[in-house]
Amino acid sequence: MAEFFNTYPFLIGLVSFLIGLVCMPLVLRIAKEKHFVVKPNKRMSHTGDIPNIGGIDICISFLLTYFIFEFDRLQESQFLIIGVLVILVVGFADDVLDLAPLAKIFGEALAGVALIGFADIRITHLHNFCNIAQLHPVASYLLSFFLLIAIVNAINLIDGVDGLASGLGILYCLTFAVYFQICGAESWDALGYSMTGALTVFFIYNVFGKAKRKIFMGDSGSLLLGYLLTAFVFRFCEMNAYRQVPDKMLCTAAPAVAICILSVPVFDTLRVMCTRIKHKQSPFQADKNHVHHLLLKTGLNHIQTTCVILIVSIVFIIIGFLARNWNIWLLTALWFMLCCLLTFLLWRIVDKKNGKATT
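Let me begin by describing the structure that accompanies this report. (Residues numbered from 1 in each chain as written. Predicted model: local features only at pLDDT ≥ 70, side-chain atom pairs only at ≥ 80, totals over all residues. Heavy atoms only, no water.)

Our next topic: the overall build of the protein chain. Counting its secondary structure elements, the protein chain contains 14 helices and four strands. Against the compact-globule benchmark of 21 Å for 359 residues, the protein chain has a radius of gyration of 20 Å, which places it among compact chains. About 17,100 Å² of surface is accessible on the protein chain, with carbon and sulfur atoms providing 68% of the total. Across the protein chain, the mean location of the 27 positive side-chain charges is 13 Å away from that of the 22 negative side-chain charges. (Helix = DSSP H or I, 4+ residues; strand = E, 2+ residues; numbered from the N terminus. Rg over C-alpha atoms; globule rule 2.2 N^0.38 Å. Areas by Shrake-Rupley, 256 points an atom, 1.4 Å probe, with all protein chains shown as cover. Lys, Arg positive; Asp, Glu negative; His and termini not counted. Charge placed at Lys NZ, Arg CZ, Asp CG, Glu CD.)

What follows is the structure, given as structure tokens:
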């Protein structure tokens with residue numbers, strides 16, 4: 001049986017999906033009984049009290065599936081799993097208690113200690129970016145912690161409309177899982193497929209669930225997703241830095257390819273943070289300036305907004321892998337210019353829409 005799933009690892013995602021499907025009704029019931037819900041407010045368009053601990057179901061199905069298929073390798077990944085549990089607790093605490101930004105970042109860094117410090121999953125090589133190859137250990141740890149905090153919060157901030165964070169998560173996890181499978185990184189492809197299946201269950205409930213069946217991911221889910229994506233990015237870059245992949249799959253511009261994969265949350269967070277600082281506001285202050293808010297202003301609904309962002313993300317992923325052996329500066333510059341162009345066009349559409357609305 002184990003050999004069968006090693007041959008067809010994508011079926012691991014199906015097992016994760018089935019476990020999540022069985023557990024979700026229980027999670028919904030507990031959320032309502034314990035009042036783990038989000039009440040309607042001016043920043044949200046939903047009506048009624050909606051459970052916001054979808055991350056619990058995602059984590060349960062993800063971990064159970066991983067334990068089933070990777071139990072023999074559990075000792076190797078124990079600190080990664082400890083980090084998963086830590087980040088889940090931090091996210092759940094934020095959902096329930098609404099943690100201060102610094103307290104939240106401290107919790108994320110604590111999870112990072114397990115991933116970067118103990119599991120030793122970190123960035124150690126810059127692929128000759130700025131003529132830098134091997135990093136000094138201190139620089140490696142500092143850069144890795146910075147990237148962890150940045151990616152986790154970028155995913156957290158993009159979670160603004162139905163299906164967006166989970167849809168992007170499915171796309172990203174599936175991309176990394178397929179890449180790891182082709183490259184023979186068995187334990188890592190199992191992680192990717194397990195998370196893909198778990199997210200798919202949540203996506204269905206979040207997008208298509210009506211009334212009593214609807215649920216939000218919450219920070220417990222978005223932080224967990226960001227944490228795992230960080231681990232995938234680190235492993236992806238390290239495998240390519242040390243040429244632990246087949247020649248046909250080698251990405252000499254791996255850091256730039258990773259940026260292309262995570263295009264939407266990375267660029268949107270960078271843009272929003274710069275805009276807030278420019279207006280002398282706290283970079284952590286919530287607003288409605290994210291890309292999904294702009295798309296909603298054009299008249300699209302939640303599902304249409306999610307679909308547009310997913311299509312754009314797929315295009316960027318394709319560009320990233322097609323240009324995987326370009327110069328890192330060149331690919332990063334292309335990514336940045338395309339993101340700026342798309343953002344400019346989106347703002348023009350928003351302005352035109354608002355102009356018509358006022359005439």
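Alright, that's what it looks like, and here's the rest.
Once that is clear, we can look at the packing of aromatic side chains. Scanning all chains against the criterion turns up 18 aromatic pairs. Between phenylalanine 79 and phenylalanine 118, the aromatic rings sit 5.3 Å apart at their centres with planes inclined by 25°, giving stacked as the arrangement. Placement of the pair is phenylalanine 79 in helix 4 (residues 78-97) and phenylalanine 118 in helix 5 (residues 101-118), with a sequence separation of 39 residues. Owing to a relative accessible area of 52%, phenylalanine 118 belongs among the exposed residues under this scheme. A network of ring pairs unites the aromatic residues Phe176, Tyr179, Phe180, Trp188, Phe232, Phe236 and Phe321 as a single cluster. The aromatic ring of tyrosine 141 is capped on one face by arginine 122, whose charged end is 4.4 Å from the ring centroid. (Phe/Tyr/Trp six-rings, centres within 6.5 Å; stacked < 30°, edge-to-face > 60°. Buried < 20%, exposed > 50% of the residue type's maximum accessible area, 1.4 Å probe, protein only. Lys NZ or Arg CZ within 6 Å of the ring centre and 35° of its normal.)

On to the nonpolar core. Most often, soluble globular proteins keep nonpolar side chains buried together rather than apart. Of all hydrophobic cores here, the largest spans 100 residues; its most connected members are Tyr172, Tyr227 and Phe236. It is helix 9 (residues 218-241) that provides the largest number of residues to this core, a total of 13 residues. Those residues in contact with tyrosine 227, other than ones at most four positions away along the chain, are Phe79, Leu80, Gly83, Val84, Ile87, Ala111, Leu115, Leu148 and Val152. (Core = buried A, V, L, I, M, F, W, Y, C linked by side-chain atoms within 4.5 Å. Contact = heavy atoms within 4.5 Å.)

Estimates place the volume of the second largest pocket at around 370 Å³. Surrounding the second largest pocket, 18 residues form its lining, Val291, Val312, Leu342, Thr343 and Leu346 being those nearest its centre. Elements with a minimum of two residues in the lining of the second largest pocket: helix 11 (263-278), helix 12 (291-297), helix 13 (302-322) and helix 14 (328-358). Among the elements that take part in the lining of the second largest pocket, helix 14 stands out by supplying six residues, more than any other. Its residues assigned to classes, the lining of the second largest pocket comprises 14 nonpolar, two polar and two charged. (1 Å grid on protein atoms, 1.4 Å probe; cavity = no way out; pocket = protein on both sides within 12 Å on 5 of 7 lines; lining within 4 Å. Points joined across faces, edges and corners; volume = space filled by probe spheres on them. Nonpolar A, V, L, I, M, F, W, Y, C, P; charged D, E, K, R; others polar.)

Take unusual backbone geometry next. When glycine is set aside, most residues are seen to have a negative phi, and most peptide bonds are trans. Unusually for a residue other than glycine, aspartate 98 sits at a positive phi of about 55°. Checked against the element boundaries, aspartate 98 lands in the loop between helix 4 and helix 5. Backbone geometry at lysine 280 places phi at a positive 60°, although glycine is not the residue there. Its place among the elements puts lysine 280 in the loop between helix 11 and helix 12.

By the bridge criterion, two bridges tie strand 3 (residues 125-129) to strand 4 (residues 132-134) in an arrangement that is antiparallel. Across the sheet, residue histidine 125 finds its bridge partner in strand 4, namely glutamine 134. Hairpin geometry of strand 3 and strand 4 is characterised by an intervening segment of two residues between the two adjacent antiparallel strands and by a positive phi of about 60° at cysteine 130. (Pairing = 2+ DSSP bridges.)

Within helix 10 (residues 254-261), six of the eight residues are buried, which leaves the element mostly enclosed by the surrounding structure. The set of residues buried in helix 10 consists of Ala254, Ala256, Val257, Ala258, Cys260 and Ile261.

Our focus in this paragraph is the side chain of threonine 65. Mapped onto the elements, threonine 65 comes out in helix 3 (residues 54-70). In terms of polar contacts, threonine 65 uses its side chain to reach the backbone carbonyl oxygen of serine 61, at 2.6 Å. The contacts of threonine 65, once residues within four sequence positions are left out, are Ile12, Val15, Ser16, Ile19 and Ser194. (Polar contact = N/O pair within 3.5 Å; in protein donor to acceptor, adjacent residues only side chain to side chain.)

This paragraph deals with helix 4. The end-to-end C-alpha distance of helix 4, which contains 20 residues, comes to 28 Å, matching closely the 28 Å that a straight helix rising 1.5 Å per residue would cover. Among all positions in helix 4, only Leu80, Ile81, Gly83, Val84, Ile87, Leu88, Val90, Gly91, Asp94 and Asp95 are buried. Elements in contact with the buried residues of helix 4: helix 3, helix 5, helix 8 (186-208) and helix 9. In the segment just after helix 4, aspartate 98 is the residue with positive phi, at about 55°. (Expected span 1.5 Å × (residues − 1).)

At a closest axis distance of 7 Å, the pairing of helix 3 and helix 9 adopts a crossing angle of 45°. Our classification of the angle between helix 3 and helix 9 gives oblique. Packed against helix 3, whose contacting residues are Gly55, Ile56, Ile58, Cys59 and Phe62, the element helix 9 presents Ser220, Gly221, Leu224 and Leu228 at the interface. By residue class, the composition of the contact of helix 3 with helix 9 is six nonpolar, three polar and no charged. (Axes fitted to C-alpha atoms, helices over the stretch in contact; angles between N-to-C directions. Parallel < 35°, antiparallel > 145°, perpendicular 65-115°, else oblique.)

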